[in-house]
Amino acid sequence: MSDALSEREEPTGASSGLLANDNLVRRIGEVVAGLFLAVVLGVLGWTVFSEVDPDLLQTIFPRFVTAYLLVIRIVIVSSILSVSAGIIVGLARISSSPLTSNVARGYIEFFRGTPLLFQLFLIYFGIPSLWGTGQFPISDWEIPAAVIGLTLNHAAYVGEAMRGGINAVPDGQMEAARSIGMSRVQAMREVILPQAWRNALAAIGNDQIILVKDTSLLTLISVPEIMQVFRSVNSATFDPWTPLVWVCLFYLAVTLPMSKLVGVLEARADWGSDRKSLAKRLGSRMPGGGTS
Amino acid sequence: MSKPKPLVEFVDVNKWFGQNHVLKDVSFSVDEREVVVIIGPSGSGKSTLLRCTNRLEEVQKGEIHLDGIPITDEDVNINHLRQRIGMVFQSFNLFPHLTALENVAAGPTKVKGVDETEAYEHAQELLNRVGLGDQGDSHPNELSGGQQQRVAIARALAMEPQVMLFDEVTSALDPELVGEVLDVMGDLANEGMTMLVVTHEMGFAQEVGDRIVLMSEGEVAEVTESDQFFEQPRTERGERFLSRLL
Ligand SMILES: Nc1ncnc2c1ncn2[C@@H]1O[C@H](COP(=O)(O)OP(=O)(O)OP(=O)(O)O)[C@@H](O)[C@H]1O
Ligand SMILES: [Mg+2]
């Protein structure tokens, strides 16, 4: 039966032509990738060479640094707050109490279901107007508003990631923890959450990288961040390319180390699965092997 | 030897999953230092009975006692009681983020509040006892199934339970790894541990088991001394069960 099948498969394989050859497919991929790289580098190099003004590049640098430092501070605070709040939202979401889990669900649906810009406007314009003109007590409200908006929004995404991470832990883990006398809360803290965190880490890392890029929206609530500097330079000089170089580099300067960090955290949480362990496992499976 | 006293008692235990009557008036007891082996066809309620014994499942009618304490009573502190009942699962359920040694020490340090040094020394002794003294630093995914299951036994023993429950602990293992786990269980029985064992390993049931409980469709079909059972079961259902094994 299987012989007949494989014989019949051969002509089909051959008739699918070029794509039947794995090596050839790989070559084609490389040619396409190489062409892509050449075009991008060529166009980009030519544009930067012809459009970017080195003097202006130098002049505007300090303004970008100032904006960059502000963005970094907003990111650090919002990141810590949104991950902490998100863990709580995730726990609330899986609560056995319908009230708690539905409140968490409503929270998540609202903040994922409406645009971040709407949420920022709600906080930045909406809240002060409740006080009546000129009565709102907080000056420079745009910075707290930015942090609150980013935190509330991303706590929803982190909450969903944590919920998924917790649900991915097998039921047997909770049962094993309870069977040695742990309470529910203890089992959560000692057994479920460390594993849920590992499961959710990639999704949370992704979300936090998006948070960094979301700070570009803050220009619309008057935060003097990187896009704000771009717009001001561009409208004064009519030269978009020169400030855009800094915009691009400044965002990558935050996001690239972040994805590196996520990778490191993930590797660290990959409990004991290295080469050595694979060898050990194989050894112990072999008859008369490592098993004591 | 003094007269053994019942350590675990099942009194008319009834359990439903929805409409499904899974345990029907189950009554028998396990004496101190006794090994009782529960056998029976798939779906006869063996796992459910063990899970009710440490309240991973709730009983709807009837009672289970441990050393005279009604486990099934709503008011008992189940977290305290569970410390006195060790449980080993078919799928090991070791904590993957902890090393073997940390798995064994987790209960004593986190639940009992035993001093770390003392707990880790004791954990190391237990690993030695199950033949894994040199694997303390390994994580579960670095161990074979048989090794993981022996760590799981050590983890349960670390709480110094009065009774150990085993639910088909060798069913998920490659055949060549079954022996090492059964050996550990046999040693434990010889040391006088009270054990309630669900297994399909009839050799183990005959050699190590003191009494056999045959379950069938949620009922206890018979409770018989193990030598007697394998020679001549008391009931027709026992005979049918044995003949199907041949
Ligand atoms: N969580 C559950 N929800 C609903 N029904 C269940 C649940 N667990 C078990 N059952 C049902 O209870 C009955 C007894 O199951 P149990 O797992 O106790 O059998 P078992 O004797 O251990 O079988 P096996 O030898 O296959 O492990 C079965 O009909 C099963 O479908
Ligand atoms: Mg079962």
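Heads up: the structure comes first, above all this text.
Keep in mind that this is a model prediction, so the values were computed, not measured.

Digging into unusual backbone geometry
Residues apart from glycine generally show negative phi values, whereas peptide bonds are mostly found in trans. All names here are of chain A. Even without glycine at this site, Ser222 takes up a positive phi of about 70 degrees. Tracing the chain through its elements places Ser222 in the loop between α8 (184-214) and α9 (226-237). Taking relative accessible area as the criterion, Ser222 reaches 38% and is therefore assigned partly exposed. Not every positive phi belongs to a glycine, and Phe238 is a case in point at roughly 55 degrees.

Some words on the interface of chain A and chain B
Taken together, the contacts link 27 residues of chain A with 35 residues of chain B. Both sides together, the interface formed by chain A and chain B hides about 2,700 Å², and carbon and sulfur atoms give 51% of it. Remark: the boundary between chain A and chain B carries 2 salt bridges. For Glu190(A), the salt bridge is made with Lys110(B), and the minimal N-O distance between the two is 3.6 Å. The tally of links from chain A across to chain B stands at 6 residue pairs in polar contact (both at pLDDT 80 or more). For the side of chain A that touches chain B, the secondary structure elements donating two or more residues are α7 (171-179), α8 and α11 (275-285) of chain A. It is α7(A) that provides the largest number of residues to the side of chain A that touches chain B, a total of 7 residues.

What about the sheet that holds strand β4 (residues 61-66) of chain B?
All names here are of chain B. In space, the 4 strands of this open sheet follow the order β2-β1-β4-β5, with antiparallel pairing throughout. Looking along the sheet, the strands with just one partner apiece sit at the ends: β2 (20-31) and β5 (69-70). Sheet topology places strand β1 (residues 6-17) next to β4; 5 bridges connect them, and they run antiparallel. Considered in β4, the bridge of Val8 is made with Leu66.

Quick word on helix α9 (residues 236-245) of chain B
Residue and element names in this part refer to chain B. If you check which residues of α9 are buried, you get Gly238, Phe241 and Leu242. Mapping the buried residues of α9 onto a view down its axis gives an arc of 95 degrees, with all of them on the same face. Seen from the buried face of α9, the exposed residues on the opposite side, beyond 90 degrees, are Glu236 and Arg244. Buried-residue contacts for α9 involve β3 (35-39), α7 (202-208), β9 (211-216), β10 (219-225) and α8 (226-231).

So, how was this worked out
Residues numbered from 1 in each chain as written. Chains lettered and ligands numbered in written order. Predicted model: local features only at pLDDT ≥ 70, side-chain atom pairs only at ≥ 80, totals over all residues. Heavy atoms only, no water. Helix = DSSP H or I, 4+ residues; strand = E, 2+ residues; numbered from the N terminus. Buried < 20%, exposed > 50% of the residue type's maximum accessible area, 1.4 Å probe, protein only. Contact = heavy atoms within 4.5 Å. Buried area = accessible area lost by both parts, 1.4 Å probe. Salt bridge = Lys/Arg side-chain N within 4 Å of Asp/Glu carboxyl O. Polar contact = N/O pair within 3.5 Å; in protein donor to acceptor, adjacent residues only side chain to side chain. Pairing = 2+ DSSP bridges. Arc of directions from axis to C-beta.

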